[in-house]
Amino acid sequence: MRTINDLLLQGSNPVRIGWSNVRQGAEVAVSRISDAGSPELLFRYRIDGVLRPTSGVLSVAIVRDDPPLEARNASAEGLLRLSTLVARGLIQLTLNGRPLGDYASLEKRDISSYLHKGRNTLKVVWSKDFGSSIPSAEIRLTAGEELLARWAGPRLWSLSGTDYVNFWY
């Protein structure tokens, strides 16, 4: 574990992760500690030696610019939540032209500052980091209990590509 407060800035942060000779499962996670003292996951990448090899290099963007989820009341009307579930690849998200970062696992975050009233556009760019199996992913945008937009893994038909989801808020 290493503290990287002096390395991560507000906004998008390019990060290059390299590893070699990992013989057991490993994980790289970047979190921040909220004002309340609890961790907020910004990015997680698991290395298992099967779907992701024992040696490799990965370049991702980690975005650190929104308040921690626990700082807001989960039942509040204004909470807009992004939930991602990504396996065997990477998903890069942009909402209304603003980068949300790269995702490689199960993550949740508040995206209230990214949405605006009316039409919104979510750009999804997927890529396969290692191996030849098609990535799997699901992305949900919710306002409280209301589903605003959903992008599902069955739409992945190649190792990399781009898709757009338009929705109203």
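Treat the numbers as computed from the prediction; the structure is a model and nothing was measured.

*Asks:* I keep staring at the sheet that holds strand β11 (residues 146-152) and nothing clicks. Help me out?
*Replies:* Picture the strands of a sheet paired through backbone hydrogen bonds; they go either parallel or antiparallel. A sheet is described by the order of its strands in space; here 4 strands give the open sequence β8-β5-β10-β11, paired in antiparallel fashion. Looking along the sheet, the strands with just one partner apiece sit at the ends: β8 (107-110) and β11. Averaged over all pairs of adjacent strands, the angle between strand axes in this sheet comes to 15°, irrespective of strand direction. The sheet contact formed by strand β5 (residues 80-87) and β8 spans 4 bridges and is antiparallel. When the sheet's bridge partners are listed, T84 is paired in β8 with E107.

*Asks:* Help me understand the environment of S55, please; the structure alone is not making it clear to me.
*Replies:* Tracing the backbone through its elements, the reader meets S55 in the loop between β3 (39-47) and β4 (56-64). S55 sits 33 residues away from V22 along the chain, and the two C-alpha atoms are 6.5 Å apart. With near-sequence residues (within four places) excluded, S55 lies in contact with W19, S20 and N21. Only 3.0 Å separates the side chain of S55 from the backbone nitrogen of N21, close enough to count as a polar contact.

*Asks:* Would you take a moment to explain the sheet that holds strand β6 (residues 90-95) for this structure?
*Replies:* With antiparallel pairing, 4 strands are arranged side by side in an open sheet as β7-β6-β9-β12. Here the strands that pair on one side only, and so sit at the sheet edges, are β7 (98-103) and β12 (160-168). Strand-to-strand twist across the sheet, computed as the mean angle between neighbouring axes with direction ignored, equals 20°. Sheet topology note: the β6/strand β9 (residues 119-127) ladder contains 6 bridges and is antiparallel. Within the sheet, the bridge partner assigned to Q92 lies in β9 and is V125.

*Asks:* What is the right way to look at the pattern of salt bridges in this model?
*Replies:* Opposite charge on two side chains permits pairing when their charged atoms draw close. Throughout the structure, instances matching the rule amount to 3 salt bridges. Where E138 meets R150, a salt bridge forms, and the shortest distance between an N and an O atom there is 2.6 Å. Of this pair, E138 sits in strand β10 (residues 136-143) while R150 sits in strand β11; the two residues are 12 residues apart in sequence, bridging distant segments of the chain. With a relative accessible area of 43%, R150 lands in the partly exposed category. Linked through salt bridges whose partners overlap, the residues forming this network are E138, R140 and R150.

About the cut-offs
Residues numbered from 1 in each chain as written. Predicted model: local features only at pLDDT ≥ 70, side-chain atom pairs only at ≥ 80, totals over all residues. Heavy atoms only, no water. Pairing = 2+ DSSP bridges. Helix = DSSP H or I, 4+ residues; strand = E, 2+ residues; numbered from the N terminus. Axes fitted to C-alpha atoms, helices over the stretch in contact; angles between N-to-C directions. Contact = heavy atoms within 4.5 Å. Polar contact = N/O pair within 3.5 Å; in protein donor to acceptor, adjacent residues only side chain to side chain. Salt bridge = Lys/Arg side-chain N within 4 Å of Asp/Glu carboxyl O. Buried < 20%, exposed > 50% of the residue type's maximum accessible area, 1.4 Å probe, protein only.

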